[in-house]
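Close look at the chain arrangement
The residues making up each chain are set out below.
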Amino acid sequence: MKIVVIGGTGLIGSKLVARLAAQGHDAVPASPKSGVNSVTGEGLGAALDGADVVVDVSNAPDWSPAAVLDFFERSSRNLVAAGKAAGIKHHVALSIVGTDRMADLAYFHAKVAQEQVIKTSGLPYTIVRATQFFEFVRSIADAGAVDGKVVVPAALFQPIAADDVAAALADVAVRAPLNATIDIAGPDKQPFASFVSRRLRAAGDGREVVADPKAGYFGAVIDDQSLTPLGQARLGAIDFDSWLASAA
């Protein structure tokens, strides 16, 4: 199949393109770097010509409330319109576990808007909601740096390896559309402090990690159910310690 990956040069997109190509598909990475801009619509028609599936793993360059909402709404509308014109048979989009439970986070609110555009488009679709990636646990630690310590939420966390996200998307893309949303997550559910402290130790960072029930997640108050799947979820094959070992 010809499968166009919007955001195909990023962390997830590049892994997905490589995986699909290894399976024998015509995997096309599409991004502003390749002359395809989903926000302006530039190059979309040509990129989707003859395609069977489009997978959207694009990310907004500006996460301020108005900018991130505009990005995901306009990008999704343009993709839907171009997909209909091209006769796309399956629209796949990567979203986030917990988007509908954390509307006070501007990024999550924008992802909900993106999902709504897709669900009401009339195109066959599958939305894949993933938990946070292992690759960004260090960024979470840096965001919680206070007075020589790292303060993180006391809530449960279930991050996933980017390779497992790409594997799940590759599997979904070549199957029939579900016209539904599915969750994917890492194999282990543990408190934030467990993941963050192991990530820092692996990097030789000896700062103390403190779990604070009042600490927010990028400004949002969370609990054990905010960022973890509530029902059935596809679990990744790579556990955090294995990922740390391979990353080292």
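Notes on the structure follow. (Residues numbered from 1 in each chain as written. Predicted model: local features only at pLDDT ≥ 70, side-chain atom pairs only at ≥ 80, totals over all residues. Heavy atoms only, no water.)

The secondary structure content of the protein chain amounts to eight helices and 12 strands. The C-alpha atoms of the protein chain give 18 Å as radius of gyration, which agrees with the globular expectation for 248 residues (18 Å, within 12%). Overall, the protein chain is about 55 × 35 × 35 Å in size when its C-alpha atoms are taken along their principal axes. Contacts spanning at least 24 positions in sequence make up 81% of the contacts within the protein chain whose residues lie at least 6 apart. Put simply, the protein chain shows about 10800 Å² of open surface, and 52% of that area lies on carbon and sulfur atoms. Positive and negative charge centroids in the protein chain, built from 22 and 26 side chains respectively, lie 2 Å apart. (Helix = DSSP H or I, 4+ residues; strand = E, 2+ residues; numbered from the N terminus. Rg over C-alpha atoms; globule rule 2.2 N^0.38 Å. Contact = heavy atoms within 4.5 Å. Areas by Shrake-Rupley, 256 points an atom, 1.4 Å probe, with all protein chains shown as cover. Lys, Arg positive; Asp, Glu negative; His and termini not counted. Charge placed at Lys NZ, Arg CZ, Asp CG, Glu CD.)

With that settled, the discussion passes to the packing of helix 7 (residues 192–202) against helix 8 (residues 240–247). Their axes nearest at 11 Å, the elements helix 7 and helix 8 cross at an angle of 20°. As summarised for this structure, helix 7 and helix 8 are arranged roughly parallel, according to the angle between their axes. Note that helix 7 runs across helix 8; the crossing there is right-handed. Here helix 7 contributes Phe 195, Arg 198, Arg 199 and Ala 202 to the contact with helix 8, which in turn contributes Phe 240, Asp 241, Trp 243 and Leu 244. Looking at the contact of helix 7 with helix 8 residue by residue, the class counts come to five nonpolar, no polar and three charged. (Axes fitted to C-alpha atoms, helices over the stretch in contact; angles between N-to-C directions. Parallel < 35°, antiparallel > 145°, perpendicular 65-115°, else oblique. Left-handed = near helix turned anticlockwise from the far one by under 90°. Nonpolar A, V, L, I, M, F, W, Y, C, P; charged D, E, K, R; others polar.)

Glancing now at the nonpolar core. Judged by nonpolar contacts, the single largest core of 33 residues is most densely connected at Met 102, Phe 108, Phe 192, Val 196, Tyr 217 and Leu 227. The greatest single-element share of this core, amounting to five residues, is contributed by helix 7. Once residues lying within four places of it in the same chain are set aside, the contact partners of Phe 108 are Ile 96, Val 97, Gly 98, Thr 99, Met 102, Tyr 217 and Leu 227. Of all hydrophobic cores here, the second largest spans 25 residues; its members include Leu 94, Val 165, Ala 166 and Ala 170. (Core = buried A, V, L, I, M, F, W, Y, C linked by side-chain atoms within 4.5 Å. Buried < 20%, exposed > 50% of the residue type's maximum accessible area, 1.4 Å probe, protein only.)

Compared with an ideal rise of 1.5 Å per residue, which puts 14 residues at 20 Å, helix 4 (residues 106–119) spans 20 Å between its outermost C-alpha atoms and is within 8% of the ideal. Within helix 4 the residues assigned to the buried category are Tyr 107, Phe 108, Ala 110, Lys 111, Ala 113, Gln 114, Glu 115, Val 117 and Ile 118. In the core, the buried residues of helix 4 are packed alongside strand 3 (53–56), helix 3 (65–86), strand 4 (90–96) and strand 5 (125–130). (Expected span 1.5 Å × (residues − 1).)

Looking now at the sheet that holds strand 7 (residues 149–153). Overall, mixed pairing links the three strands, which are arranged 6-7-11 in an open sheet. One side of each edge strand has no neighbouring strand; the edge strands of this open sheet are strand 6 (145–146) and strand 11 (209–212). As paired elements, strand 7 and strand 11 share four bridges and run parallel to each other. Residue pairing for strand 11: Val 151 is matched across the bridge by Val 210. Helix 7 contacts strand 7 and strand 11 of the sheet and is inclined by roughly 150° relative to strand 7. (Pairing = 2+ DSSP bridges.)

Applying the stated criterion to the full structure yields 14 salt bridges. Close ionic contact of Glu 115 with Lys 119 constitutes a salt bridge, the shortest N to O distance being 4.0 Å. Highlighted residues: Glu 115 and Lys 119, both in helix 4, separated by four residues, approximately one helical turn. Judged by relative accessible area, Glu 115 falls into the buried class, the value being 3%. Classification of Lys 119 as partly exposed rests on a relative accessible area of 37%. One salt bridge in this structure joins Arg 138 and Asp 142, with 3.5 Å as the shortest N-O distance. One end of the pair, Arg 138, and the other, Asp 142, are both in helix 5 (residues 137–143), four residues apart, so they sit about a helical turn from each other. Ionic contacts of the salt-bridge type, sharing partners, join the residues Asp 100, Glu 115, Lys 119 and Arg 129 into one network. (Salt bridge = Lys/Arg side-chain N within 4 Å of Asp/Glu carboxyl O.)

Below, the discussion takes up the pairing of strand 5. Counting buried residues along strand 5, six of its six residues qualify, which places the element largely inside the surrounding structure. Side chains of strand 5 alternate between two faces, with Tyr 125, Ile 127 and Arg 129 and Thr 126, Val 128 and Ala 130 buried alike. Summarising the sheet, strand 4 and strand 5 pair through six bridges and their orientation is parallel. Bridging across to strand 5, Val 92 finds its partner in Thr 126. For the handedness criterion, the β-α-β arrangement of strand 4, helix 4 and strand 5 is classed as right-handed. (Right-handed = clockwise from strand over helix to strand, strands pointing away.)

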